[in-house]
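Survey of secondary and tertiary structure
Spelled out, the chains give:
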Amino acid sequence: MRTYLVTGGAGFIGSNYIHYMFEKYGDDIRIINVDKLTYAGNLENLKSVEGRDNYTFIRADICDEAAINKIFEENEIDRVVHFAAESHVDRSITDPNVFVRTNVMGTASMLAAARKAWEKPDGSYPEGVKFLHVSTDEVYGSLPDDPDAYFYETTPYQPHSPYSASKAGSDMLVKAYMDTYHFPANITNCSNNYGPYQFPEKLIPLMIHNALAGEKLPVYGDGKNVRDWLYVGDHVRGIDMVQEKGRLGETYNIGGHNERQNIQIVKTIISTLREMLPEDDPRREHVTEDLITYVEDRKGHDRRYAIAPDKIRAEIGWEPTVFFEEGIKKTIQWFFENEEWMKNVTSGDYEKYYEKMYGDRL
Ligand code: NAD
Ligand code: DAU
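Please read all numbers here as calculations on a predicted model, not as lab measurements.

Procedures and definitions
Residues numbered from 1 in each chain as written. Chains lettered and ligands numbered in written order. Predicted model: local features only at pLDDT ≥ 70, side-chain atom pairs only at ≥ 80, totals over all residues. Heavy atoms only, no water. Pairing = 2+ DSSP bridges. Helix = DSSP H or I, 4+ residues; strand = E, 2+ residues; numbered from the N terminus. Axes fitted to C-alpha atoms, helices over the stretch in contact; angles between N-to-C directions. Contact = heavy atoms within 4.5 Å. Core = buried A, V, L, I, M, F, W, Y, C linked by side-chain atoms within 4.5 Å. Buried < 20%, exposed > 50% of the residue type's maximum accessible area, 1.4 Å probe, protein only.

**Description of the sheet that holds strand 4 (residues 79-82)**
Taken together, the seven strands give an open sheet; going across it, the order is 3-2-1-4-5-6-10, and neighbouring strands pair in parallel fashion. Strands at the two margins of the open sheet, each flanked by one partner only, are strand 3 (55-59) and strand 10 (251-254). On average, each strand axis in the sheet is inclined to that of its neighbour by 20 degrees, with strand direction left out of account. Bridge count for strand 1 (residues 2-7) against strand 2 (residues 29-35) is six bridges, and the pairing is parallel. Directly across from Leu-5, in strand 2, lies its bridge partner Ile-32. Each of strand 1, strand 2, strand 3 and strand 4 touches helix 2 (residues 65-74); the most contacted strand, strand 2, lies at about 170 degrees to it. Along the sheet, helix 7 (residues 232-245) makes contact with strand 1, strand 4, strand 5 (130-136), strand 6 (185-190) and strand 10, crossing strand 5 at roughly 145 degrees.

**Structural notes on the side chain of Asn-192**
Within the fold, Asn-192 resides in strand 7 (residues 192-194). Not counting the four nearest positions on each side in its chain, Asn-192 is found in contact with Asp-137, Arg-227, Asp-228, Trp-229, Leu-230 and Tyr-305.

**Looking at the nonpolar core**
Counting residues in each nonpolar core, the largest one holds 73 residues, and the members touching the most others are Tyr-17, Ile-18, Ile-31, Val-81 and Ile-204. Counting residues per element, this core draws most heavily on helix 1 (residues 12-25), which supplies eight residues. The contact partners of Val-81, leaving out residues within four places of it in the chain, are Tyr-4, Leu-5, Val-6, Thr-7, Tyr-17, Leu-132, Val-134, Ile-239 and Gln-243.

Pasting the structure below:
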């Protein structure tokens, strides 16, 4: 039975990945989820897998090399799928060092531990072991408003925010391990994800939450920055496909050609909420475009991201399957059905975060 060590599995994409893997492989795989449980890690995301014999949760910091070494010593790990990171750009602007620590140093310690466990005295690696590093399109910087400009795997790195710089640093370390030690790895660079379990600091869940609560919808700058949105289910399927079919040492960009301006996203959320809320739901009163409030722009705000997924399509046969209009409905439906989840994550520390981030802007 193949054993996966998943880092950051209690976060948004990691928990979607764990659900996907158990749905696909059932009892044929084992997953060990290593997560520090920062504000972004939530075991409620994994309630339905907790009782499985082939699932283990270990609370640990990826920067704690001794703890990570111990996990490798006590388990025969075939695959590492490395999601754990500080992931929110705005937080990286107010507190950059925690991003350097987790994203750079944490990845360094994961790489060192995996190499220690896997590398044989002759420098080779056992058949089938692999480290998949989950990264972002933000490492490539910002594109002009030219519809023919895309991020390719060959696009030079030009990160701007402390978040993307720290992710670029982590990618470089993985590349260095591949070049220096022939370390068996792949890197995936994906565009913006949305879907179930996303923490409401990110654009889509924040707008859904605020609109339903009748709170202002803070749109940064002129609202015309472009992001390339991918339903999280398509991303996690791509990660699995890259592990199965990706050539060792290669990078694959993942994205679904779904570029939208932020203001378009916000307006689509409002119209979809209005379409989906029952006729007699009192929230219909306030879910209107009147809530949209333009606020001071994000510092160093990247203008446009757009992935060219040509390589993953041609080599691996991956295609997105959920288009935005359907994906946003599925996401809103999930939030309707999980009001308690939203209530839990937006109490306590979230309120302090929201006040700090938006208090002076709104
Ligand atoms: P998230 O913030 O929702 O989850 C991050 C998880 O990592 C949390 O469970 C957190 O507790 C854990 N974590 C943080 N620091 C840790 C540490 N020091 N040790 C152990 N665990 C720690 O993030 P996400 O949106 O699910 O992103 C997952 C990965 O995917 C990240 O590497 C991110 O850079 C990448 N990515 C995200 C997106 C996106 O749109 N969200 C797009 C492309 C790539
Ligand atoms: O591109 C992939 C990246 O996408 C991931 O690597 C990051 O982990 C993930 O957080 C995401 O980064 P963004 O900065 O693009 O996502 P965010 O949801 O924070 O913002 C999306 C856009 O919406 C961005 O242009 C900023 C804008 N925005 C965001 C928030 C939170 C607003 O206008 N208002 C807001 O309140």
